[in-house]
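Results of the structural survey
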Amino acid sequence: MPALSGFLWLISYWLIGEVVIHVTALPISSGVIGMLLLCVTLAIRGRVPGSIAAAAQPLIALLAMLIMPGVVGVFFIIGELAGQWSAILIALVLGTLLSVFTTLWLLKRLIGQSHVQ
Amino acid sequence: MSNDSSLLALLTTTPLFAVGLTLTAYLVGNGLFQRLKRPSWLPAILIAALLLAGALALIGLPYATYQQGATWLTVLLGPATVALGMPLYQQLPRIVELWRPLAICLPIAAALAAFYSLAIAWLLGSSNTILASIAAKSVTAPIAIGITEQLGGTVALLLGALLITGVITIPCVSLAARFLHIDDERLIGFALGLNGHAIGTVRAFELSPTAGAFASLGMSLTGIFTAVLLPLAWRLLGMGG
């Protein structure tokens, strides 16, 4: 049962993240703390155990499905924000376009050459 | 009619109905996405979300009831986020190679990701509540919900802003990459994760594992940076109630 013990590892790291947040009052999610802890652990061990890979790969592949139930909620608040939507949409679309351009332009400038692999 | 609604009531006593509905929408959405030759302007998650919303409206299932059942799936978001530590570790050498430009870029880009949209919404006369709800638009959902509650925004509107931002990030990145002549998948992945949180990261994993790892990195760093600094900046600007 390698996938199951890998899954237990992931859950344990998430729970450790909860404890860390409770103790330190950091405004971060336990998932992110667990992700960083997992990365550090793997770096110390120097390899990815088969059990972790067996649990992590399918979960990562399903990430899009896991955020769907929350995302669908937006279609049910459309009525509540009548008249505000155009401003919100313009702000989000234009703002995202500008910030994507800034990010990529900045990275290209900082790294110098974009074709090095 | 009363027969129909009692059948629906019977089915929704178990979370398996909401889980089944979500899986169906996801699989059909993915199938359609492949059939349409994977358009970058219409990601699979948007097709699936539209199908799911349509199905809920059609059978008259209240969103709150659906959401309660779907908790059985969304609880996996925790371990799935932890799982992102694996590609992060596997790409560590390539990330370390670029640590300096990434470390300089991140605070500027993550701050601007929030700032641009807030400034535009403010100029268009949006209320403080709306500004507080969209401020965390580029942050991954579990962190963004915490930030939004702290700022006094509406979580439902935040999730809508996350969907729109995530979906629009994908064509924006393709456009900007073409315009700036960038084909390095590390940069493209980082930009996808930084601006488009989980939705951008999912897209990056479709491109390549390297792009995916850089997207996970961009997503988590943006989340941490924004979670620490946005509530502080909000208080300094006197926006809080």
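Residues numbered from 1 in each chain as written. Chains lettered and ligands numbered in written order. Predicted model: local features only at pLDDT ≥ 70, side-chain atom pairs only at ≥ 80, totals over all residues. Heavy atoms only, no water.

Once that is clear, we can look at the packing of aromatic side chains. Here the structure, examined in full by the defined rule, presents five aromatic pairs over all chains. Judged by centre distance (5.6 Å) and plane angle (75 degrees), the ring pair of A:F101 and B:F179 falls under edge-to-face. Residue A:F101 is found in helix 5 (residues 85-111), and its partner B:F179 is found in helix 11 (residues 155-179); the two belong to separate chains. Using a relative accessible area of 22% as the deciding quantity, one classes A:F101 as partly exposed. With centroids separated by 6.2 Å and ring planes inclined at 35 degrees, the aromatic side chains of B:Y63 and B:Y66 adopt a geometry described as tilted. Taken together, the positions of B:Y63 and B:Y66, both in helix 4 (residues 63-74) and three residues apart, correspond to about one turn of that helix. (Phe/Tyr/Trp six-rings, centres within 6.5 Å; stacked < 30°, edge-to-face > 60°. Helix = DSSP H or I, 4+ residues; strand = E, 2+ residues; numbered from the N terminus. Buried < 20%, exposed > 50% of the residue type's maximum accessible area, 1.4 Å probe, protein only.)

With that settled, the discussion passes to unusual backbone geometry. Residue and element names in this part refer to chain B. The phi dihedral of K37 is positive, around 65 degrees, even though this residue is not glycine. Mapped onto the secondary structure, K37 falls in the loop between helix 2 (16-35) and helix 3 (44-59). The backbone phi angle of H197 is positive, close to 35 degrees, even though this residue is not glycine. With respect to the helices and strands, the residue H197 is situated in helix 12 (residues 185-207). Take H197: its relative accessible area is 3%, and that puts it in the buried class.

Detailed reading of the predicted model is not advised wherever pLDDT is low. Here chain A shows a mean pLDDT of 87. Residues at 70 or above account for 94%. Mean pLDDT in chain A bottoms out at helix 4 (residues 63-71) of chain A, which sits at 84, and peaks at helix 1 (residues 2-24) of chain A, which reaches 94. (pLDDT = per-residue confidence, 0-100.)

Bringing the interface of chain A and chain B into the picture now. Taken together, the contact between chain A and chain B spans 74 residues of the former and 90 residues of the latter. Both faces considered, chain A and chain B share a buried interface measuring about 7,500 Å² in area, 84% of it formed by carbon and sulfur atoms. Run the count over chain A and chain B and you get zero salt bridges. At the junction of chain A with chain B, the criterion picks out 11 residue pairs in polar contact (both at pLDDT 80 or more). Every element with two or more residues in the side of chain A that touches chain B is listed here: helix 1, helix 2 (30-45), helix 3 (50-61), helix 4 and helix 5 of chain A. It is helix 5 of chain A that provides the largest number of residues to the side of chain A that touches chain B, a total of 25 residues. (Contact = heavy atoms within 4.5 Å. Buried area = accessible area lost by both parts, 1.4 Å probe. Salt bridge = Lys/Arg side-chain N within 4 Å of Asp/Glu carboxyl O. Polar contact = N/O pair within 3.5 Å; in protein donor to acceptor, adjacent residues only side chain to side chain.)

To continue, consider a nonpolar patch on the surface. Among the surface-exposed residues, A:I90, A:L94, A:L98 and B:L124 lie close enough to one another that they form a single nonpolar patch of about 330 Å² accessible area. For A:L94, a relative accessible area of 40% translates into the label partly exposed. (Patch = residues over 30% accessible without salt bridge, like charges linked within 9 Å, V, L, I, M, F, W, Y side chains within 5 Å. Areas by Shrake-Rupley, 256 points an atom, 1.4 Å probe, with all protein chains shown as cover.)

In this numbering, the UniProt entry assigns the feature "transmembrane region" (unreviewed entry) to residues 6-29, 41-64, 70-89, 101-124, 155-180, 187-205 and 211-234 of chain B. For the annotated span residues 6-29 of chain B, helix accounts for 83% and strand for 0% of the residues, and the straight-line distance between the end C-alpha atoms is 29 Å. (UniProt positions renumbered as here; feature names shortened; annotations may be inferred.)

Quick look at the domain arrangement of chain B now. Residue and element names in this part refer to chain B. The domain boundaries assigned to chain B delineate domain 1 (2-75) and domain 2 (83-236). One C-alpha centre belongs to domain 1, the other to domain 2; they are set 26 Å apart. Contact with domain 1, which involves seven residues of that partner, is made by eight residues of domain 2. Of the roughly 630 Å² buried where domain 1 meets domain 2, counting both sides, 71% is carbon and sulfur surface. Taken together, domain 1 and domain 2 are joined by zero residue pairs in polar contact (both at pLDDT 80 or more). Here the side of domain 1 that touches domain 2 is composed, by residue class, of five nonpolar, one polar and one charged. (Domains from an automatic or database assignment. Nonpolar A, V, L, I, M, F, W, Y, C, P; charged D, E, K, R; others polar.)

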